[in-house]
Amino acid sequence: VIPSAGWGAVDSFCYCFDGLPQNSVIAVGHVIEGSEKAYCDLFRMGVEELIRRKSPVKLVVYGAPLSFDPGVDIVYVKGEIQKLREL
């Protein structure tokens with residue numbers, strides 16, 4: 001089982017990572033392509049906060065590749081949109 005992190009606005013950062021393991025593999029999902037800059041910025045801040053608080057050894061990213069380097073090992077899993085575009 002790989003736990004998945006999720007968050008809302010910045011004010012959710014105070015509790016949204018509770019229960020996630022330290023120094024483990026953690027999954028995040030996103031479909032940022034075509035989204036507003038504010039959403040992209042919030043996603044990046046969430047990933048950075050997740051890394052700061054939980055120090056994951058690896059991120060499993062479901063969806064489009066990240067547009068930034070979070071500084072941890074990443075495994076990408078193609079989302080359904082990416083799979084359909086390849087047909």
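Basis of the calculations
Residues numbered from 1 in each chain as written. Predicted model: local features only at pLDDT ≥ 70, side-chain atom pairs only at ≥ 80, totals over all residues. Heavy atoms only, no water. Helix = DSSP H or I, 4+ residues; strand = E, 2+ residues; numbered from the N terminus. Buried < 20%, exposed > 50% of the residue type's maximum accessible area, 1.4 Å probe, protein only. Polar contact = N/O pair within 3.5 Å; in protein donor to acceptor, adjacent residues only side chain to side chain. Core = buried A, V, L, I, M, F, W, Y, C linked by side-chain atoms within 4.5 Å. Contact = heavy atoms within 4.5 Å. pLDDT = per-residue confidence, 0-100. Lys, Arg positive; Asp, Glu negative; His and termini not counted. Salt bridge = Lys/Arg side-chain N within 4 Å of Asp/Glu carboxyl O.

### Thoughts on unusual backbone geometry
With a phi angle near 50°, Asn23 is a residue other than glycine that sits in the positive phi range. Relative to the assigned elements, Asn23 resides in the segment before strand S1 (25-30). We classify Asn23 as exposed; its relative accessible area is 52%. Of note, the phi angle at Ser55 is positive, near 45°, even though the residue is not glycine. Looking at the secondary structure, you find Ser55 in the loop between helix H1 (37-54) and strand S2 (58-63).

### Examining the side chain of Ser12
You can see Ser12 is positioned in the segment before S1. At 2.7 Å, the side chain of Ser12 and the backbone oxygen of Ala9 are in polar contact.

### Regarding the nonpolar core
In this structure, Ala5, Trp7, Phe17, Leu50 and Leu59 are the most contacted members of the largest nonpolar core, which totals 17 residues. Secondary-structure elements contributing two or more residues to this core are S1, H1 and S2. Tallying contributions element by element places H1 first for this core, with four residues. When neighbours within four sequence positions are excluded, Ala5 is seen to be in contact with Phe17, Leu20, Ile26, Ala27, Val28 and Leu50.

### Brief notes about the confidence of the model for the protein
Low-pLDDT stretches of the model should not have their predicted coordinates read in fine detail. For the protein, mean pLDDT is 89; residues scoring 70 or higher make up 86% of the total. Across the protein, element-level confidence peaks in strand S3 (residues 73-77) with a mean pLDDT of 94 and bottoms out in helix H2 (residues 80-85) with 66.

### What about the side chain of Lys54?
Tracing the chain through its elements places Lys54 in helix H1. Buried charged residue Lys54 carries no salt bridge. Nearest counter-charge: Asp18, at 5.7 Å. Those residues in contact with Lys54, other than ones at most four positions away along the chain, are Phe17, Leu20, Pro21, Gln22, Asn23 and Ile26.

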